[in-house]
Amino acid sequence: MKVIHDIREFEPKGKVVLTQGTFDGVHFGHKKILKQVVSEAKKVEGESILLTFYPHPRLVLYPDDNDLKLLTTIEEKVELVQALGIDYLIILPFTKELSRIRAGEFVRDILVEQLCVSKLIIGYDHRFGRNREGGLVEMMNYSKVFDFEVQEISAQDIEESIVSSTKIREALLNGNVHLANNYLEKNYVIRGKVEEGLQRGTGIGFPTANIRVNSSFKLIPKNGVYAVWVYIEEIKFAGMLNIGYNPTFEDKKWSVEVHIFDFSQNVYHKEISIEFVARLRDEQKFDGSEALVTQLREGEKEIRALLEV
């Protein structure tokens, strides 16, 4: 797959089969559309394309709204799309100027003149253009004017999975990683660098790696204790992760930290990946470090049994 950040660099060598959208999470419904794009492109010996936008439009249009959290960083999106066999991922910089382009101008100037679209595959609820003024009906009309085909992914095809990026975000914010993972067809992942902490975990026999997540817009699941897989330089370890404020010690400082099983190396400043498997419980305040250690031991036994390690 070729990743293009400047749309002017795109030079089609055959018929262009394209879809467009933010595709946050690249979940089950997204995969269905992208696989259809790949399939249709192969039928005509053409090229399959995903046109997406970065930053996320809401981050540009509402810069003071900090409520939006994303399931995937742009780097993660590239990895997920590449795995589906798409030929080109075109990342169009989203700006306020782009947001003001009328629906017809977007079709003419970008889809037709720059991308030479032959076939556009979109969902039944797709919106485009200034203030999201264009929809499927308008796109059908433009396709007749500019001589390209539109294929609709029906509501039934998309919604039979009962999945959306919004529902996945809600599941994670509620701590339901099992449901989110089912929708994503993979374990939810966060990545970040390990920072030095207060060393309290080391003092009680449960050293932890404090993680600074790479993106401030990355969604972090609900506070609590989780069974996770930890990847360090592509080596996989089991672990117990805590998200929250460490109420036993009254830190009042929110953190993401993981105790990695059967691991004793120094990982400061290294980047690690965390896959969420299951949520064990809410954060809990214990009467001192001894009670906390007892609970940590029980938690480790539970996770080892769950992950079969």
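It should be noted that the structure appears before, not after, this text.
Being a predicted model, the structure only gives us computed values, none of them experimental.

Parameters and conventions
- Residues numbered from 1 in each chain as written.
- Predicted model: local features only at pLDDT ≥ 70, side-chain atom pairs only at ≥ 80, totals over all residues.
- Heavy atoms only, no water.
- Pairing = 2+ DSSP bridges.
- Helix = DSSP H or I, 4+ residues; strand = E, 2+ residues; numbered from the N terminus.
- Axes fitted to C-alpha atoms, helices over the stretch in contact; angles between N-to-C directions.
- Contact = heavy atoms within 4.5 Å.
- 1 Å grid on protein atoms, 1.4 Å probe; cavity = no way out; pocket = protein on both sides within 12 Å on 5 of 7 lines; lining within 4 Å.
- Points joined across faces, edges and corners; volume = space filled by probe spheres on them.
- Nonpolar A, V, L, I, M, F, W, Y, C, P; charged D, E, K, R; others polar.
- Parallel < 35°, antiparallel > 145°, perpendicular 65-115°, else oblique.
- Left-handed = near helix turned anticlockwise from the far one by under 90°.
- Salt bridge = Lys/Arg side-chain N within 4 Å of Asp/Glu carboxyl O.
- Core = buried A, V, L, I, M, F, W, Y, C linked by side-chain atoms within 4.5 Å.
- Buried < 20%, exposed > 50% of the residue type's maximum accessible area, 1.4 Å probe, protein only.
- Phe/Tyr/Trp six-rings, centres within 6.5 Å; stacked < 30°, edge-to-face > 60°.

1. Considering the sheet that holds strand E5 (residues 117–123)
So, point 1. Across the sheet, which stays open at both edges, the six strands sit in the order E1-E4-E3-E2-E5-E6 with parallel pairing between neighbours. Edge strands, defined here as strands with exactly one partner in the open sheet, are strand E1 (2–4) and strand E6 (149–153). The average angle at which neighbouring strand axes cross in this sheet is 25°, direction not considered.
So, point 2. Taken together, the five bridges between E5 and E6 define a ladder with parallel strand orientation. The partner of Gly 123 across the bridge, within E6, is Ile 153.
So, point 3. With respect to the sheet, helix H1 (residues 28–43) is in contact with strand E2 (16–20), strand E3 (47–54), E5 and E6, its orientation differing from that of E2 by roughly 170°.
So, point 4. Sheet strands touched by helix H6 (residues 136–146): E5 and E6. Its angle to E6, the strand with the most contacts, is close to 160°.

2. Details of the sheet that holds strand E9 (residues 224–232)
So, point 1. If you walk around this closed barrel you meet the six strands as E7-E8-E11-E10-E9-E12, and the pairing is antiparallel. When strand polarity is set aside, the average angle formed by the axes of neighbouring strands in this sheet is 45°.
So, point 2. Bridge count for strand E10 (residues 235–244) against strand E11 (residues 255–260) is six bridges, and the pairing is antiparallel. Among the inter-strand pairings, Asn 242 is bridged to a residue of E11, identified as Glu 257.
So, point 3. Running at roughly 125° to strand E12 (residues 271–281), helix H9 (residues 177–184) makes contact with E9 and E12 of the sheet.

3. Some remarks on the layout of surface pockets
So, point 1. One number sums up the size of the largest pocket: a volume of about 1500 Å³.
So, point 2. Residue lining of the largest pocket: 49 residues in total, with Gly 21, Thr 22, His 56, Arg 127 and Arg 132 positioned closest to the centre.
So, point 3. Only E2, H1, helix H2 (57–61), helix H4 (96–99), E5, helix H7 (155–159) and helix H8 (165–173) provide two or more residues apiece to the lining of the largest pocket.
So, point 4. For the lining of the largest pocket, the leading source of residues is H8, giving six residues.
So, point 5. When its residues are assigned to classes, the lining of the largest pocket shows 19 nonpolar, 16 polar and 14 charged.

4. Observations regarding the packing of H8 against H9
So, point 1. The geometry of H8 relative to H9 is characterised by a closest axis approach of 7 Å and an angle of 155° between their N-to-C directions. Relative to H9, H8 is oriented roughly antiparallel. For the element pair H8 and H9, the recorded crossing hand is left-handed. Contacts between H8 and H9 pair Lys 167, Ile 168, Ala 171 and Leu 172 from the former with Val 177, Leu 179, Ala 180, Tyr 183 and Leu 184 from the latter.
So, point 2. Along the lines of polarity and charge, the residues of the contact of H8 with H9 split into eight nonpolar, no polar and one charged.

5. Description of the pattern of salt bridges
So, point 1. Counted according to the given criterion, the structure contains 17 salt bridges.
So, point 2. Between Arg 169 and Asp 24 there is a salt bridge; the shortest N-O distance is 2.8 Å. With Arg 169 in helix H8 and Asp 24 in the loop between E2 and H1, this pair connects stretches of sequence that are 145 residues apart.
So, point 3. For the salt bridge of Lys 31 with Glu 185, the shortest nitrogen-to-oxygen distance reads 3.4 Å. Remark: Glu 185 occurs in the loop between H9 and strand E7 (189–195) and Lys 31 occurs in helix H1; sequence separation between them is 154 residues.

6. Brief notes about the nonpolar core
So, point 1. Among the nonpolar cores identified, the biggest contains 32 residues, and Val 230, Leu 241, Val 258, Ile 274 and Phe 276 are the most heavily contacted of them.
So, point 2. Secondary structure elements with two or more residues in this core: H8, H9, E7, strand E8 (209–213), E9, E10, E11 and E12.
So, point 3. When neighbours within four sequence positions are excluded, Val 258 is seen to be in contact with Pro 207, Thr 208, Ala 209, Ile 211, Val 228, Val 230, Gly 239, Met 240, Leu 241, Ile 272 and Ile 274.
So, point 4. One finds Ile 4, Ile 7, Phe 106 and Ile 122 within the second-largest nonpolar core, a separate group that totals 28 residues.

7. Notes on the side chain of Gln 151
So, point 1. With respect to the helices, strands and loops of the structure, Gln 151 is situated in strand E6.
So, point 2. Apart from the residues lying within four places of it in its own chain, the contact partners of Gln 151 are Gln 36, Glu 40, Lys 119, Leu 120, Ile 121 and Ile 122.

8. Thoughts on the packing of aromatic side chains
So, point 1. Counted according to the given criterion, the structure contains seven aromatic pairs.
So, point 2. Ring centres 6.1 Å apart and planes at 85° place the aromatic pair Phe 53 and Phe 94 in the edge-to-face group. With a gap of 41 residues between them, Phe 53 in strand E3 and Phe 94 in the loop between strand E4 (88–93) and H4 connect regions that are remote in the sequence.
So, point 3. On the basis of relative accessible area, Phe 94 is assigned to the buried category, the value being 11%.
So, point 4. Considering the side-chain rings of Phe 128 and Tyr 142, the 6.5 Å spacing of their centres and the 70° angle between planes classify their relative orientation as edge-to-face.

9. Focus: the pairing of E8
So, point 1. The element E8 is largely enclosed, with a buried count of four among its five residues.
So, point 2. Pairing of E7 with E8, which is carried by four bridges, proceeds in the antiparallel orientation. Along E8, the bridge assignment pairs Gly 192 with Val 213.

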